[in-house]
Amino acid sequence: MNSSQDPIFLEIDDRGDTLVITPHTPELTYKNSKQFLDKSKNAIDLDRRLRIILNLEHIDIIDSMSLGTLMALLKHVRKFGNDMVVANLSDPIKELFKLLNFNTVFLCFKSVQDALDNA
């Protein structure tokens, strides 16, 4: 790891056909987006789930590079015929998703449980 990266911890929750990925960091930025993508891909490759829920409950700040990282992760998930949704977006991130039309690319849910109920 180089000095420009902030360490990131991902909680990986196995829910049968669904894998819930929860990054435990307040910021998803250029400092940790590559590490986030690599760790997420590794978790997904190992499990090959039908559905991925990206739980963003701890994320307060996301930058443009990390939005690209979310798109790269979605592309990776779909490469295996799977799907990915997001849950627990903060109000500023919800607004950013609306502004950039990310809410037309990602299904967004209020909670992980809502995402699980709508599988």
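Residues numbered from 1 in each chain as written. Predicted model: local features only at pLDDT ≥ 70, side-chain atom pairs only at ≥ 80, totals over all residues. Heavy atoms only, no water.

(A) The arrangement of the overall build of the chain in detail. The helix and strand inventory of the chain stands at 4 helices and 7 strands. Counted from the first residue to the last, the chain has its helices and strands arranged as β-β-β-α-β-β-α-β-α-β-α. Rg of the C-alpha trace for the chain: 13 Å, near the compact-globule value of 14 Å for 119 residues, within the 12% margin. By its C-alpha atoms, the chain is 40 × 30 × 20 Å across when sized along the principal axes. Across the 119 residues that make up the chain, the buried fraction comes to 44%. Taking all contacts inside the chain whose residues are at least 6 apart in sequence as the whole, residues at least 24 apart take part in 74%. Of the roughly 6400 Å² of accessible surface on the chain, 51% is carried by carbon and sulfur atoms. (Helix = DSSP H or I, 4+ residues; strand = E, 2+ residues; numbered from the N terminus. Rg over C-alpha atoms; globule rule 2.2 N^0.38 Å. Buried < 20%, exposed > 50% of the residue type's maximum accessible area, 1.4 Å probe, protein only. Contact = heavy atoms within 4.5 Å. Areas by Shrake-Rupley, 256 points an atom, 1.4 Å probe, with all protein chains shown as cover.)

(B) Representation of helix H2 (residues 64-79) in the model. Its 16 residues place the ends of H2 23 Å apart at the C-alpha level, agreeing with the 22 Å of an ideal helix rising 1.5 Å per residue. Among the residues of H2, those classed as buried are Ser66, Leu67, Thr69, Leu70, Leu73, Leu74, His76 and Val77. Its side-chain oxygen placed 3.3 Å from the backbone nitrogen of Met65, Asp63 serves as the N-cap of H2. Following H2 by one or two positions, Gly81 has its phi on the positive side, about 80°. (Expected span 1.5 Å × (residues − 1). Polar contact = N/O pair within 3.5 Å; in protein donor to acceptor, adjacent residues only side chain to side chain.)

(C) Up close: the packing of aromatic side chains. Inspection of every chain in the model, using the stated rule, returns 3 aromatic pairs. For the pair Phe102 and Phe106, a centre-to-centre distance of 6.0 Å together with 20° between the ring planes defines the contact as stacked. What makes Phe106 buried here is its relative accessible area of 1%. Taken together, the aromatic side chains of Phe97, Phe102 and Phe106 make up a single cluster linked through ring pairs. (Phe/Tyr/Trp six-rings, centres within 6.5 Å; stacked < 30°, edge-to-face > 60°.)

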